[in-house]
Amino acid sequence: MLLLCQLLTREKAEMARRYCYNDVLPFTAMVAMEFGNVGVYTLFKAATSEGMSYYILVAYSYAIATLVLFPLTFIFSSRAVLPPLKFHIISKICLLGLIGFSAQICQYKGIDYSSPTLASAVGNLQPAFTFILAVIFSMERVALRSSTTQAKIIGTIVSISGALVVVLYKGPQVFSSSPWTSSSVLLQRPLELSSEANWVIGGALLAVAHLCYSLLYIIQKNVMEMYPQELRVSFLYNLCATFISVPASLIAEPNLSSWRLTPRIVLVTVLYSGVFSSICSPVHIWGLHLKGPVYVVIFKPLSIAIAAFMGAIFLGDALHLGSVIGAIILSIGFYAVIWGKAKEERIEDDSGLSSLSNVKFPLLQSHKVEDI
């Protein structure tokens, strides 16, 4: 009886451990990544009020991420035999660095013109942009009679419509708050709200940024198929981006005094952005391996609520009706694209299982495929 109780206790402990690793930990990690991403937006908006240039932030962020990832490539080196790093692989990684740098510049300039809330809302265009680019590059099959394709096309149209509402219609204020002005590292003075023209320009720049990110992910997928080592590719990508961003940023900001990390909010923003960039990529790759791509991106609309809250508390940003309506439309289109993609993957998995069931196993004739 005592032995049975011990076995049951061990089984319960094992189930609890698996539940924590497979469910609780991924959920916590994905929510933390969304908070962290919005934190970068909010800190940047606060740092620009102190005169910080987004060129300098991008250059420092890539350099810090490269330094953090360099030892990790040796500590967590893969034992698998990897193909040699040939010129065509290195050239594609350099292209990733160029696209990533361009996307970061457009993104931060867009936030400078608008707000972190708008940046989070427009970020939901990414699945739609990825679908369009995948069709253009013949990476996505388009069967107009298929319900999955119809869902992705409708979701793409709805997402773009929602983005247009967010960008072109600001509307009356729904919620506003005074910025948190105690002796905080986040903000020393209130930020002025963007004008209507700046809001539209900011939205357009953010859309271009996420179009670049979608292109980056498609090329990154191709690179990972040729060289399947996530940490090393991440390190080389950040290294190439550093070599691209530092000269470009020096040309844009030739005054070396502006590169000093003062006041304190600028130092905090640079360190936080660089360290977060080096952590974010491995965490998302781990989430993809454990739970799949649908689980990882399904948390994206959460960033809108986080950005609205953090922007109102720390920056004094007002939440406008257009942002609320557009974010709802964007989220509907976002989940329609994701649903179509998830259903398509399920159909492919089922077809793979059915083809496996037709294979004859001489020694296992009496067993079902599910039991193998």
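Figured I'd write up the structure that's included with this text.

**Focus on the packing of aromatic side chains**
Turning to step 1, where the next piece is worked out: One pass over the full model with this rule turns up 8 aromatic pairs.
Turning to step 2, where the next piece is worked out: Between F70 and F74 the ring centres are 5.2 Å apart and the planes differ by 80°, which places this aromatic pair in the edge-to-face class. Of the two residues, F70 and F74 are both situated in helix α2 (residues 54–75); the distance of 4 residues between them amounts to about one turn of the helix.
Turning to step 3, where the next piece is worked out: On the basis of relative accessibility, which here comes to 57%, the residue F74 falls in the exposed class.
Turning to step 4, where the next piece is worked out: An aromatic cluster of at least three residues, connected via ring pairs, comprises F70, F74 and F235.

**Some points on the side chain of T73**
Turning to step 1, where the next piece is worked out: For T73, the position within the fold is in helix α2.
Turning to step 2, where the next piece is worked out: For T73, a relative accessible area of 8% puts it in the buried group.
Turning to step 3, where the next piece is worked out: Once you skip the residues sitting within four places of it in the chain, T73 turns out to touch L231, R232 and F235.

**Focus on the side chain of T269**
Turning to step 1, where the next piece is worked out: Within the secondary structure, T269 is located in helix α9 (residues 264–291).
Turning to step 2, where the next piece is worked out: Judged by its relative accessible area of 1%, T269 falls in the buried class.
Turning to step 3, where the next piece is worked out: With near-sequence residues (within four places) excluded, T269 lies in contact with L43, F44, A47 and L57.

**Things to note about the environment of E34**
Turning to step 1, where the next piece is worked out: Here E34 lies in helix α1 (residues 2–48).
Turning to step 2, where the next piece is worked out: Overall, E34 belongs to the buried group, its relative accessible area being 6%.
Turning to step 3, where the next piece is worked out: Through-space distance from the C-alpha of E34 to that of I306 is 8.0 Å; in sequence the pair is 272 residues apart.
Turning to step 4, where the next piece is worked out: Discounting chain neighbours no more than four positions away, the residues touching E34 are F299, K300, S303 and I306.

**Focus: α2**
Turning to step 1, where the next piece is worked out: Relative to the 32 Å expected for 22 residues at 1.5 Å per residue, α2 spans 32 Å between its end C-alpha atoms, a close match to the ideal helical length.
Turning to step 2, where the next piece is worked out: The complete set of buried residues in α2 reads Y54, I56, L57, V58, A59, S61, Y62, I64, A65, T66, L69 and T73.
Turning to step 3, where the next piece is worked out: With a side-chain oxygen lying 3.2 Å from the backbone nitrogen of Y55, the N-terminal cap of α2 falls on S53.

**Observations concerning the packing of helix α6 (residues 147–168) against helix α7 (residues 196–226)**
Relative placement of two packed helices is described by the angle separating their axes and the distance separating the axes.
Turning to step 1, where the next piece is worked out: Viewed as axis vectors pointing N to C, α6 and α7 meet at an angle of 150°, and their least axial separation amounts to 8 Å. On the basis of their axis angle, the class for α6 and α7 is roughly antiparallel. Here α6 contributes V166, V167 and L168 to the contact with α7, which in turn contributes W199, V200 and G203.
Turning to step 2, where the next piece is worked out: Per-class residue counts for the contact of α6 with α7 are 5 nonpolar, 1 polar and no charged.

**Notes on helix α5 (residues 126–136)**
Turning to step 1, where the next piece is worked out: Buried within α5 are the following residues: Q126, P127, A128, F129, F131, L133 and A134.
Turning to step 2, where the next piece is worked out: Looking at the residues trailing α5, positive phi occurs at S138, about 60°.

**Observations regarding the packing of α5 against α7**
Turning to step 1, where the next piece is worked out: Where α5 contacts α7, the axes come no closer than 9 Å and their chain directions differ by 55°. Classified by the angle between their axes, α5 and α7 sit oblique to one another. In the packing of α5 onto α7, the handedness of the crossing is right-handed. Side by side, α5 and α7 meet where Q126, F129, T130, L133 and A134 of the first sit next to A207, H210, L211, Y213, S214, L215, Y217 and I218 of the second.
Turning to step 2, where the next piece is worked out: Within the contact of α5 with α7, the residues separate by chemical class into 9 nonpolar, 4 polar and no charged.

**Some words on the nonpolar core**
Across soluble globular proteins, you tend to see nonpolar side chains buried next to one another.
Turning to step 1, where the next piece is worked out: Ranked by size, the top nonpolar core spans 63 residues in total, and within it I93, Y108, I111, L118 and L125 carry the most contacts.
Turning to step 2, where the next piece is worked out: The element best represented in this core is α1, accounting for 10 residues.
Turning to step 3, where the next piece is worked out: Sequence-distant contacts of L125, defined by excluding residues within four places in its chain, comprise S159, I160, A163, A207 and L330.
Turning to step 4, where the next piece is worked out: Residues V38, I306, M310 and F314 belong to the second largest nonpolar core, which totals 5 residues.

**A few points about the state of the cysteines**
Turning to step 1, where the next piece is worked out: One pass over the full model with this rule turns up 0 disulfides.
Turning to step 2, where the next piece is worked out: No disulfide involves C94; its nearest neighbouring cysteine sulfur is the one of C240, lying 3.4 Å away.
Turning to step 3, where the next piece is worked out: C212 supplies the cysteine sulfur nearest to C106, a cysteine that is in no disulfide, at a spacing of 5.6 Å.

Cut-offs used in this document
Residues numbered from 1 in each chain as written. Predicted model: local features only at pLDDT ≥ 70, side-chain atom pairs only at ≥ 80, totals over all residues. Heavy atoms only, no water. Phe/Tyr/Trp six-rings, centres within 6.5 Å; stacked < 30°, edge-to-face > 60°. Helix = DSSP H or I, 4+ residues; strand = E, 2+ residues; numbered from the N terminus. Buried < 20%, exposed > 50% of the residue type's maximum accessible area, 1.4 Å probe, protein only. Contact = heavy atoms within 4.5 Å. Expected span 1.5 Å × (residues − 1). Polar contact = N/O pair within 3.5 Å; in protein donor to acceptor, adjacent residues only side chain to side chain. Axes fitted to C-alpha atoms, helices over the stretch in contact; angles between N-to-C directions. Parallel < 35°, antiparallel > 145°, perpendicular 65-115°, else oblique. Nonpolar A, V, L, I, M, F, W, Y, C, P; charged D, E, K, R; others polar. Left-handed = near helix turned anticlockwise from the far one by under 90°. Core = buried A, V, L, I, M, F, W, Y, C linked by side-chain atoms within 4.5 Å. Disulfide = S-S within 2.5 Å.

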